[in-house]
Amino acid sequence: MEQGQETFQAEDFYRLADVALEIIVRFDRAGNILYGNRQAKEDLGYGEELTKISLFTLFPAELQQEEGAKEAFLDKVAEMGEGMMYRKNGTCFPVRMTAVVDGPYCLIFAINVAKRIETERKLVRMKEEMEETIKVRNEFVANVTHELRTPVNGIRGHVTNMLEAGATGEQKRTLEIITRCCENMSAIITNILDFSKLGAGKFTLEQKEFNFYQMVNHAVETNIMAINAKGLHIMVNIDKAIPEFLIGDELRLTQILNNLLSNAVKFTSVGYINIEVTKTVQFDDEIELFFVVSDTGIGISQEEKDKLFKSFSQVDASITRKYGGTGLGLAITKQLVELMHGSIHLDSEKGKGSSFSYSVRLHVAQDKKGENSVRGQFEFINQNQDMSKFENIGEIFHYGTPENVGELRSKMEKLVLCMEVGAWDRAETFSHNIKELLEEGPQELKKAAFRLEMNVRKEKYDKAMEQFSNLKGLFEENIGGI
């Protein structure tokens, strides 16, 4: 039994030795090589002939010609840390080695230093080439973005002049479309430039004092027109324990919040957008804040989440076609959050909205009271909302529920107003909202909503009003029977 166990152990050793990256040679006290692993055969060039030569052939420079040199070498090899091993063709290479000379059989473990040196040189060359490539890329991106900004700003300036000169009707609508395109192009250019800086490690955060509540207010104000244009509700809740004045990079904090807020607006057609900020931890003057930006938009599935924070990636190609974008916004947001020693996560369900949560670490400024505090402004925003609407927001798309009926009536009122004043872009949005809210409704209502949207899209006032009256009559008649 013991003999079989020893045999197994020997076979196990040889199997492991053959996959090792270092040279392993086994020899006897006379210097005869009994075994060489795969790496030894490859590096020394002997192949299977390795077991037919003497260890002294591999280390001729270490031997003296005096009598007894070979015997002395066996004792010397146990103390050697470095040496030169010779190949079959007469060339040599440096090795770092460990020798075990004990009993009748001995082992040498040697690392080919020449290979390691060459690998290190290759790594240095690769690093230098990569740095040069990044430098050239960054210069190219900086030049291209600058060249793109100039014509975009020029177009926007001329369009603004034409709008101020009194363009009307179809011309005004076309000019407003051009303005929006310029704004989208400017945002894309900024994202590409930011992404390039982040990739090159040249992105630095400023540490300046700022009014936190004012920062959140500015982000909301930036998106409020788009929120109102889509008939969405906005809620902002900020923990009163958060100091008014903090120290950090206000611009980048605004960029993070604005990216998530504009993303929520883009992908939400009916319902609400909610911003919540709480204080989670504070040690001395360091404070951690936790943000949640949630919406009742299109949402995404569990399988699609992995793509979300990757550069130049959209969850679905149809998303890009319908909503636009480069897929850089969330990738940049993630990197900015991580630069602020935080992390970002997403909870979402297809068709039921999304909730982005992230944390950042900032510093508390010295106590002082702002001249124009905006703390109470967010309470005012929420007081002007009917908070009961948000308790069962999931019911908004279920036809016939109080939430669904209330939202439909609100959208119908806004649709009529937009058609009356000729705001056909907004009218088209509201007609589409109505169609979505009637998705679970009777077939006759769904058909009427579809016809209404088609006429609004064509800007046919008389026909659209006729279809609206027909839809409203059917709706009230149907609701009365529920």
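Look above for the structure.
Turning our attention to the overall build of the chain. When helices and strands are counted, the chain shows 15 helices and twelve strands. Counting every position in the chain, which comprises 482 residues, the buried fraction comes to 41%. Counted over contacts in the chain with a minimum sequence separation of 6, partners at least 24 positions apart contribute 64%. Surface exposure of the chain reaches about 27,000 Å², of which carbon and sulfur atoms provide 52%.

Glancing now at the nonpolar core. Across soluble globular proteins, nonpolar side chains have a tendency to be buried as a group. Core analysis: the biggest nonpolar cluster contains 43 residues, and Phe212, Leu246, Leu257, Leu289 and Tyr358 have the highest contact counts within it. Broken down by secondary-structure element, the contributors of at least two residues to this core are helix H7 (212-229), strand E7 (233-238), helix H8 (250-266), strand E9 (272-283), strand E10 (286-295), helix H10 (329-339), strand E11 (344-348) and strand E12 (354-364). Sequence-distant contacts of Phe212, defined by excluding residues within four places in its chain, comprise Ile238, Ile242, Pro243, Glu244, Leu246, Val277, Leu289 and Phe291.

The next subject is the packing of aromatic side chains. On inspection of all chains with the given rule, the structure shows five aromatic pairs. Residues Tyr14 and Tyr35 carry aromatic rings whose centres are separated by 4.6 Å and whose planes lie at 50° to one another, so their mutual orientation is tilted. Placement of Tyr14 in helix H1 (residues 2-17) and of Tyr35 in strand E2 (residues 33-36) is noted, with a sequence separation of 21 residues between them. Since its relative accessible area comes to 28%, Tyr14 is described here as partly exposed. Using a relative accessible area of 12% as the deciding quantity, one classes Tyr35 as buried. Plain terms: the ring middles of Phe212 and Phe291 are 6.0 Å apart, the flat faces sit at 65° to each other, and that makes the pair edge-to-face. Taken together, the positions of Phe212 in helix H7 and Phe291 in strand E10 put the pair 79 residues apart, joining distant regions of the chain. Take Phe212 and Phe291: they sit in the same class, and that class is buried.

Read from one edge to the other, the open sheet built from five strands follows the order E2-E1-E5-E4-E3, with strand pairing classed as antiparallel. Both outer strands of the open sheet, E2 and strand E3 (82-86), are each paired with one neighbouring strand and no more. Direction aside, the axes of adjacent strands within the sheet are offset by 35° on average.

Turning our attention to the pattern of salt bridges. Inspection of the entire model under this criterion finds 13 salt bridges. Note that Glu48 is salt-bridged to Lys41, the shortest N-O span being 3.3 Å. Judged by its relative accessible area of 61%, Glu48 is exposed. A salt bridge links Arg125 to Glu118, with the shortest nitrogen-to-oxygen separation between them at 3.5 Å. Connected via shared salt-bridge partners are Glu428, Lys435, Glu453 and Arg457.

This part is about the environment of Glu466. Residue position: Glu466 is located in helix H15 (residues 461-480). Classification of Glu466 as partly exposed rests on a relative accessible area of 48%. The spatial distance from the C-alpha of Glu466 to the C-alpha of Asn455 is 9.7 Å, given a sequence separation of eleven residues.

Quick notes on the rules
- Residues numbered from 1 in each chain as written.
- Predicted model: local features only at pLDDT ≥ 70, side-chain atom pairs only at ≥ 80, totals over all residues.
- Heavy atoms only, no water.
- Helix = DSSP H or I, 4+ residues; strand = E, 2+ residues; numbered from the N terminus.
- Buried < 20%, exposed > 50% of the residue type's maximum accessible area, 1.4 Å probe, protein only.
- Contact = heavy atoms within 4.5 Å.
- Areas by Shrake-Rupley, 256 points an atom, 1.4 Å probe, with all protein chains shown as cover.
- Core = buried A, V, L, I, M, F, W, Y, C linked by side-chain atoms within 4.5 Å.
- Phe/Tyr/Trp six-rings, centres within 6.5 Å; stacked < 30°, edge-to-face > 60°.
- Pairing = 2+ DSSP bridges.
- Axes fitted to C-alpha atoms, helices over the stretch in contact; angles between N-to-C directions.
- Salt bridge = Lys/Arg side-chain N within 4 Å of Asp/Glu carboxyl O.

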